Amino acid sequence: LTVLSLGAVIWDRDSYHNERYIWPVGYTVQREYYSMVDAGKQVIYTCRVTDGGDGPRFHVEPEDMPGAPIVASTATGAWTTVLKTVNQIRHREHSNSASGPDYFGFSHPTIAKMIQDLPGASKCRSY
């Protein structure tokens, strides 16, 4: 997992954090995972948080599908779509459940600490 940007904490809107995680707008990471196009290949996925107004939007864009990101209102929703597609093209009967916080890196202790140290993080009411 490679952190490209930690983004900015939106502390004054409750939907941008919960008790366990803060989702900074502009947060961007890259990670390698199986392609949704070529069953035998691994590709780089760029994961990004954007401002959806009423709440964060979680984008997952594979390098072999530029301009066609998967966008969901939760990190888990975005990555579950990736896993379902990958399992279908690889003809695997694996679970389609994904931990969005794990795939996005929010549950990684070092990343969580770096986000906690961002300006405004201490003002997040629910966190």
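Engineer: In this structure, what is going on with the pairing of strand β4 (residues 56-62)? I would like to understand it.
Structural biologist: Consecutive side chains of a regular strand alternate in pointing toward one face of the sheet and then the other. Across the seven residues of β4, five count as buried, placing the element largely inside the fold. Where strand β3 (residues 42-51) and β4 come together, seven bridges link them in antiparallel fashion. If you follow Arg48 over to β4, its bridge partner there is His59. Between β3 and β4, which pair antiparallel one after the other, the connecting turn spans four residues, and Gly53 there sits at a positive phi close to 85°. Pairing analysis gives three bridges linking β4 to strand β5 (residues 70-72), with the strands arranged antiparallel. Residue pairing across strands places Phe58 opposite Ala72, the latter belonging to β5.

Engineer: Explain the packing of aromatic side chains to me, please; I cannot follow it from the model alone.
Structural biologist: Where two aromatic rings form a pair, the distance of their centres and the angle of their planes describe that pair. All chains considered together, the criterion is met by eleven aromatic pairs. Each ring, one from Trp23 and one from Phe58, has its centre 6.0 Å from the other, and the planes form 90°; the classification is edge-to-face. With Trp23 in the loop between β1 (2-5) and β2 (28-34) and Phe58 in strand β4, the pair connects residues that are 35 residues apart, well separated along the chain. Their ring planes at 50° and their centres at 5.3 Å tell us that Tyr45 and Trp79 sit as a pair that is tilted. Here Tyr45, found in strand β3, pairs with Trp79, found in helix α1 (residues 75-89); they are 34 residues apart in sequence, far enough to count as distant. Relative accessible area serves as the criterion here: at 0%, Tyr45 is assigned to the buried category. Relative accessible area serves as the criterion here: at 0%, Trp79 is assigned to the buried category. Members of the aromatic cluster, joined through ring pairs, are Trp23, Tyr27, Phe58, Phe104 and Phe106.

Engineer: Looking at this structure, how should I read the nonpolar core?
Structural biologist: The tendency in soluble globular proteins is for nonpolar side chains to be buried as a group. Among the nonpolar cores identified, the biggest contains 31 residues, and Tyr45, Trp79, Val82, Phe104 and Phe106 are the most heavily contacted of them. Sorting the residues of this core by element identifies β2, β3, β4, β5, α1, α2 (100-104) and α3 (109-116) as the ones contributing at least two each. With six residues, the single largest contributor to this core is α1. Apart from the residues within four sequence positions on either side, Phe106 is in contact with Tyr21, Ile22, Trp23, Pro24, Tyr27, Val49, Phe58, Pro101, Ala112 and Ile115.

Definitions and cut-offs
Residues numbered from 1 in each chain as written. Predicted model: local features only at pLDDT ≥ 70, side-chain atom pairs only at ≥ 80, totals over all residues. Heavy atoms only, no water. Buried < 20%, exposed > 50% of the residue type's maximum accessible area, 1.4 Å probe, protein only. Helix = DSSP H or I, 4+ residues; strand = E, 2+ residues; numbered from the N terminus. Pairing = 2+ DSSP bridges. Phe/Tyr/Trp six-rings, centres within 6.5 Å; stacked < 30°, edge-to-face > 60°. Core = buried A, V, L, I, M, F, W, Y, C linked by side-chain atoms within 4.5 Å. Contact = heavy atoms within 4.5 Å.

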